[in-house]
Amino acid sequence: MAQIKADEITQLLREQIANYDSKIQVDEVGTITSLGDGIARLHGLDKVMAGELLSFPHGIAGLALSLEEDQVGAVVLGDYTEIREGDEVKRTGKILSVPVGEAMIGRVVNALGVPIDDKGPIAASGMLPVERLAPGIIDRQPVREPMATGLKAIDSMIPIGRGQRELIIGDRQTGKTAVLLDTIINSAKNDLVCIYCAIGQKRSSIAQVVQTLTEAGAMGHTIIVAASASEPAPMLYLAPYAATAMGEYFRDTGRHALVMYDDLSKHAMAYREISLLLRRPPGREAYPGDVFYLHSRLLERSSKMSDKRGGGSLTALPVIETQAGDVSAYIPTNVISITDGQIFLETDLFNSGVRPAVNVGLSVSRVGFSAAIKATKQVGSTLKLDLAQYRELAAFAQFGSDLDPLTQKQLNRGQRLTELLKQPQFQPLSWQQQVVVLFAGTQGYLDDLQLGQIRGFEDGLHAYFENTQADLMAELGKKKALDDEMRNRLHAALKDYKAGFMAEATATVTT
């Protein structure tokens, strides 16, 4: 019989006590009771939070959306074919968050902030929850600073301010994305970080956007959040919230950011799909009852912060695609009522060669000229009136042939102003260039030109002011308003340029 020595036992016990590690890990674990179409129903997760991140097997994440009495409805963020009924699901205790910071700029990421551009991992400076409460009334200030798009038709008549939410609405193929891309390209010189969020688009379209921005040298201040049409609905649902969280990082550090959602119609459809699969009761057009809140809680996060909170801003340009120009459908009216105005792009205008195809009558900015530079306001307010009168007269002029001279003059002016507002893609203009060219239009310098000459007149005008009137442009940049002295100098310069232009045109005709 082996002898038991007391001192050996004591030694062993001492070692056991010294090495004892009292870390007890308690995982709250649930089971998948049913699974299908990207929706998992879970049993056993009694204390789970709404919007909490869940850990499924094979490294797949999920999101708790429906908290019911006896089960939890979760959406699977990834390939749900890898998991099975009966698998274990763990709580993470974390609300779904995305990486934010300077390192995100220039990158293409998915709705979870994971890079998809093959440029390696992102050294993000922190994480922010995708769902956050919008800043309160006291933390905000009114929209006063301009957020220039570089497009004459928008900046002069429907100006957008930093911290505003301006809806871009129109049928498919009317140039909605083109307006967004022009704005991104124009923002390089305005110290604005742009976040372009593609929701439910073809991968080829997203690749084209990346290529366009790279060629224009605009990726240096842009983040692209892509949730393509081939991804599951939960990713499309999360993408705009993730993009907003990335923009909020810049807003909260006193910088200026612009977030674009392209487009929210597909976002609402993805949410409808999730809601119907979660067995939530359908409402009008089978959308769930909270589809208004879906977009209002997203767009309210865009704001101009008070000086006490750093004075940063987050501007939103949501896009809505209409069917056959029906602005009064469910989702379009919802988003129109949330935003501070809309830019309506019309198919007929687009097809007749007016690009950007902005319908000035139906487009409005509820912030108005309070967010515009004074000089832009001075030329823009008369421009809008001239165009409104032209549209009314053009409708009447179709019926009668004999028009009095005044009506004829207004029709001529309107045609030339419409021609003047056309702008080639990816050629944004500075506000000084816009003021000069629109001043020429509203003061009648184009009235005796042929419509075909206007494009050449404008191109030459920009070159002339850049080369020979640089001091006048610098003075305009300082004053930011048209006083009598500035008007006189502009008139003198325009007369000088026009005389040269007409002489050149006559010489061309004679040869």
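It should be noted that the structure appears before, not after, this text.
(A) Representation of the sheet that holds strand β1 (residues 29-36). If you trace the 6 strands once around the closed barrel, you get β1-β2-β5-β4-β3-β6, paired in antiparallel fashion. The mean inter-strand angle of the sheet, taken between neighbouring strand axes irrespective of direction, is 45°. With 3 bridges joining them, strand β3 (residues 52-55) and strand β6 (residues 88-95) adopt antiparallel strand pairing. When the sheet's bridge partners are listed, Leu54 is paired in β6 with Arg91.

(B) Region of the structure containing the packing of aromatic side chains. This model, assessed by the stated rule, comprises 9 aromatic pairs. Grouping aromatic residues by their ring pairs yields a cluster made of Phe457, Tyr464, Phe465, Tyr497 and Phe501. The residue whose ring lies beneath Arg272 is Tyr287, and the NZ or CZ to ring-centre distance is 4.3 Å.

(C) Looking closely at the packing of helix α3 (residues 176-186) against helix α4 (residues 203-215). In the contact formed by α3 and α4, the axes pass within 10 Å of each other and the chain directions differ by 30°. One element, α3, and the other, α4, form an angle in the roughly parallel class. Taken as a pair, α3 and α4 cross one another with a handedness that is right-handed. Counted together, Thr177, Leu181, Ile184 and Ile185 of α3 and Val209, Thr212 and Leu213 of α4 form the full contact between these two elements. Partitioned by chemical class, the residues of the contact of α3 with α4 number 5 nonpolar, 2 polar and no charged.

(D) Region of the structure containing the pattern of salt bridges. Tallied over the full model, the rule gives 30 salt bridges. One network of salt bridges, in which partners are shared, links Asp471, Glu475, Lys479, Asp483, Glu485 and Arg489.

(E) Molecular detail of the nonpolar core. Of all hydrophobic cores here, the largest spans 70 residues; its most connected members are Leu213, Leu461, Phe465 and Leu482. Ignoring sequence-local partners within four residues, the contact set of Leu213 consists of Leu181, Ile184, Ile185, Ala218, Met219, Thr222 and Ile224. Leu65, Val98, Ala239 and Val291 belong to the second-largest nonpolar core, a separate cluster that totals 60 residues.

(F) Structural context of the state of the cysteines. For the coordinates displayed, the defined rule picks out 0 disulfides. Cys197 supplies the cysteine sulfur nearest to Cys194, a cysteine that is in no disulfide, at a spacing of 14 Å. Judged by its relative accessible area of 0%, Cys194 falls in the buried class. Judged by relative accessible area, Cys197 falls into the buried class, the value being 0%.

(G) The arrangement of the environment of His267 in detail. Looking at the element boundaries, His267 is found in helix α6 (residues 264-277). Given the relative accessible area of 0%, His267 is considered buried.

(H) Inspection of the side chain of Arg251 at higher detail. Mapped onto the elements, Arg251 comes out in helix α5 (residues 233-252). Engagement of the side chain of Arg251 in a polar contact is seen with the backbone oxygen of Arg301, the distance being 2.5 Å. The residues touching Arg251, leaving out its near neighbours within four places in the chain, are Pro135, Arg301, Ser303, Met305, Gly312, Ser313 and Leu314.

(I) Quick look at the sheet that holds strand β16 (residues 364-365). The 8 strands lie next to each other as β8-β12-β11-β13-β14-β10-β15-β16, forming an open sheet whose pairing is mixed. Because the sheet does not close on itself, it has two edges, and the strands there are β8 (108-109) and β16. By the bridge criterion, 3 bridges tie strand β10 (residues 167-170) to strand β14 (residues 313-321) in an arrangement that is parallel. By the bridge assignment, Ile168 is partnered in β14 with Val319. Against the sheet, α5 touches β8, β11 (193-199), β12 (222-227), β13 (256-262) and β14, its axis set at about 175° to β11.

Quick notes on the rules
- Residues numbered from 1 in each chain as written.
- Predicted model: local features only at pLDDT ≥ 70, side-chain atom pairs only at ≥ 80, totals over all residues.
- Heavy atoms only, no water.
- Pairing = 2+ DSSP bridges.
- Helix = DSSP H or I, 4+ residues; strand = E, 2+ residues; numbered from the N terminus.
- Axes fitted to C-alpha atoms, helices over the stretch in contact; angles between N-to-C directions.
- Phe/Tyr/Trp six-rings, centres within 6.5 Å; stacked < 30°, edge-to-face > 60°.
- Lys NZ or Arg CZ within 6 Å of the ring centre and 35° of its normal.
- Parallel < 35°, antiparallel > 145°, perpendicular 65-115°, else oblique.
- Left-handed = near helix turned anticlockwise from the far one by under 90°.
- Contact = heavy atoms within 4.5 Å.
- Nonpolar A, V, L, I, M, F, W, Y, C, P; charged D, E, K, R; others polar.
- Salt bridge = Lys/Arg side-chain N within 4 Å of Asp/Glu carboxyl O.
- Core = buried A, V, L, I, M, F, W, Y, C linked by side-chain atoms within 4.5 Å.
- Buried < 20%, exposed > 50% of the residue type's maximum accessible area, 1.4 Å probe, protein only.
- Disulfide = S-S within 2.5 Å.
- Polar contact = N/O pair within 3.5 Å; in protein donor to acceptor, adjacent residues only side chain to side chain.

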